[in-house]
Amino acid sequence: MTKDFEPLIIGFTCNWCSYRAADMAGTARLKYPPNVRLIRLMCSGRIDPSFILKALAGGADGVLITGCHPGECHYLEQNYKALRRVKLLKRTLAPFGINPDRVKLVWASAAEGVKLAREIGVFVEEIRELGPLNWPARSTPEINPVVEEVEEVAG
Amino acid sequence: MSDKPKFAMYWAASCGGCEIAVLNIHEKILDVDANFDIAFWPVAMDAKYKDVEAMEDGSILLTLFNGGIRTEENEHLAKLLRKKSQILVAFGSCAVEGGNPGLANFSTKDQIFETVYSTVSTENPDGVYPQPSFEMPEGTITIPVFEPVLRTLDQVVDVDYYMPGCPPESHQIEAVIDLVIQVLEGKAELPPKGATIGVGPSTCCDECTRTRNVKKIKEFRRIQLVDDIDPDLCLLEQGILCVGPATASGCGAKCPTAGAPCIGCYGPAAGVVDFGARMMTAVASVIDSRDPDEIDRILDGIVDPAGTFYKFNLAHSLLRTGNATWNGK
Ligand code: SF4
Ligand code: SF4
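Let me begin by describing the structure that accompanies this report. (Residues numbered from 1 in each chain as written. Chains lettered and ligands numbered in written order. Predicted model: local features only at pLDDT ≥ 70, side-chain atom pairs only at ≥ 80, totals over all residues. Heavy atoms only, no water.)

Looking at the pattern of salt bridges
For clarity, the cut-off: The rule for a salt bridge is simple: a side-chain nitrogen of Lys or Arg has to be within 4 Å of a carboxyl oxygen of Asp or Glu. Under the scheme used here, helices are H or I runs from DSSP no shorter than 4 residues and strands are E runs no shorter than 2 residues, and both carry numbers assigned from the N terminus. In this scheme, a residue with accessible area under 20% of its type's maximum is buried, one over 50% is exposed, and one in between is partly exposed, where area comes from a 1.4 Å probe on protein chains only.
Counting across every chain of the model gives 20 salt bridges over all chains. Note that Arg128 of chain A is salt-bridged to Glu6 of chain A, the shortest N-O span being 3.3 Å. A residue pair is termed long-range when its members are at least 10 positions apart, and Arg128 of chain A in helix H4 (residues 113-130) and Glu6 of chain A in the segment before strand E1 (9-14) qualify at 122 residues. The salt bridge partner of Lys28 of chain B is Asp178 of chain B, with a shortest N-O separation of 2.9 Å. Within this pair, whereas Lys28 of chain B is found in helix H2 (residues 28-35), its partner Asp178 of chain B is found in helix H7 (residues 170-184), the two being separated by 150 residues in sequence. For Lys28 of chain B, a relative accessible area of 17% gives the class buried. Under the relative-accessibility criterion, Asp178 of chain B is labelled partly exposed at 31%. Residues joined in a network through salt bridges with shared partners are Lys87 and Arg91 of chain A together with Asp296 and Asp300 of chain B.

This is the structure in structure tokens:
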């Protein structure tokens, strides 16, 4: 039904791994779909559920969070924290009528540009399958102010 | 009528508890009477909406508005009282953030009516559902339309001050009344517009006397199923889901002091963007596990995360409603 629907995805990346992986994917001219707008955090542990909720309420169809592999966090433990937060958030989304699969956590090290590019591609297709979210109570009709706002709270 | 300033209080989608809380300030209520003319207060005196409509704009000095906006009537009165009042206070958690009635935003209007008018606990053999208008031999009679979502007062009109609590505590109401009287006497100034009044500056945990150590838990437990609660230790550390970490101080940590977890009636503490998000963060930090399966097992102990994290705040959260609700019939 939604074959010509282009999903809009907000990606939160960690400065130490996945952001560099995305950078590497870019430098190596690896192709990944243009649907994802990346926001750099200092660590996946900086992800606050409110960033994800804000993105969804503001018009994103999916949110991707990427962090260092378990055991490899620059700040030791923070990616486990991200894991627990994302798991709990997904459980909270169901009664809102938001498919928890719209939020995805992926591990990617700084060297895994290829893996990250592939994961982004997979996620875009998964969201395309789910169709647009079109959050009805959205506060901002345009995604760009949302990116700015999310960047603002993300600091 | 005397030339005393005018006071009004109104209830929209609320339980009546806020009204009781104001009457519950004992002899302080006499100060209200000494300093104000009660212009409109349906719970305390007879008045007609048309009397309010006939008042000059801005002629009421202070209106305490409690309850969320669920019906056309609620909305009409919110707009009317906004016009007639110099100071409009969202009074109590329902007006401020939707409160308990706001939890209905997880359900569509059809689902709500179904529950109210046709589930097993309802005696409604003829399947009567309320109709917004009905033809009678005498003419058309109407009742206010039930709107698709519950909105907070500030989602409908401009609000001057916010006073949370379910209901606001007596000592906080007294302090606010004292302040208003001092302002009338020229001895004090009003807080900046948009301020939250009658709350403390930090979180419920800050007012709580229970001992906090390093929170590390392997299991969530429902308080009614536990009989070995340590009376002095933080409830969250004992695996009881207490939302004190996200809740504004102001009540004196009443519930944890009495042995029950805070359920968040004082609303988000200063700086909290989304109450539920703050609680998700807090809960994720106390879980003592790095193993995905074990984390899931621990999280299974939280029976209704959305209802627990948004018990008072759904209508004012980032998402505001369930997906089907907004356009739902
Ligand atoms: S979590 Fe609850 S019991 Fe623990 S300190 Fe905070 S308010 Fe008190
Ligand atoms: S402890 Fe929490 S739920 Fe209880 S009165 Fe205080 S703010 Fe409200």
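Don't stop here, the text continues.
Brief notes about the nonpolar core
Put simply, the rule is: What makes a nonpolar core is a set of buried Ala, Val, Leu, Ile, Met, Phe, Trp, Tyr and Cys residues whose side-chain atoms join them at distances within 4.5 Å. Should any heavy atoms of two residues lie within 4.5 Å, those residues are counted as being in contact.
Counting 60 residues, the largest nonpolar core has Phe12 and Leu53 of chain A together with Phe220, Met279 and Val283 of chain B as the members making the most contacts within it. With seven residues, the single largest contributor to this core is helix H10 (residues 275-286) of chain B. The residues contacting Leu53 of chain A, other than those within four sequence positions of it, are Leu89 and Leu93 of chain A together with Asp274, Ala277, Met280, Tyr310, Leu318 and Leu319 of chain B. Counting 24 residues, the second-largest nonpolar core is a separate cluster that includes Cys18, Ala21, Phe36 and Leu61 of chain B.

A word on the packing of aromatic side chains
Residue and element names in this part refer to chain B. Quick reminder of the rule: Classification of ring pairs uses Phe, Tyr and Trp, with its six-membered ring standing for Trp, and accepts pairs whose centres are within 6.5 Å; under 30 degrees between planes counts as stacked, over 60 as edge-to-face, and the remaining range as tilted.
If you walk through the whole model with that rule in mind, you get twelve aromatic pairs over all chains. Ring plane angle 50° and centroid distance 5.7 Å describe the contact between Tyr10 and Phe65, whose orientation is recorded as tilted. Separated by 55 residues along the polypeptide, Tyr10 in strand E1 (residues 6-11) and Phe65 in strand E3 (residues 60-66) bring together distant segments of the chain. Ring pairing ties together the aromatic residues Tyr10, Phe40, Tyr49 and Phe65, which thus form one cluster.

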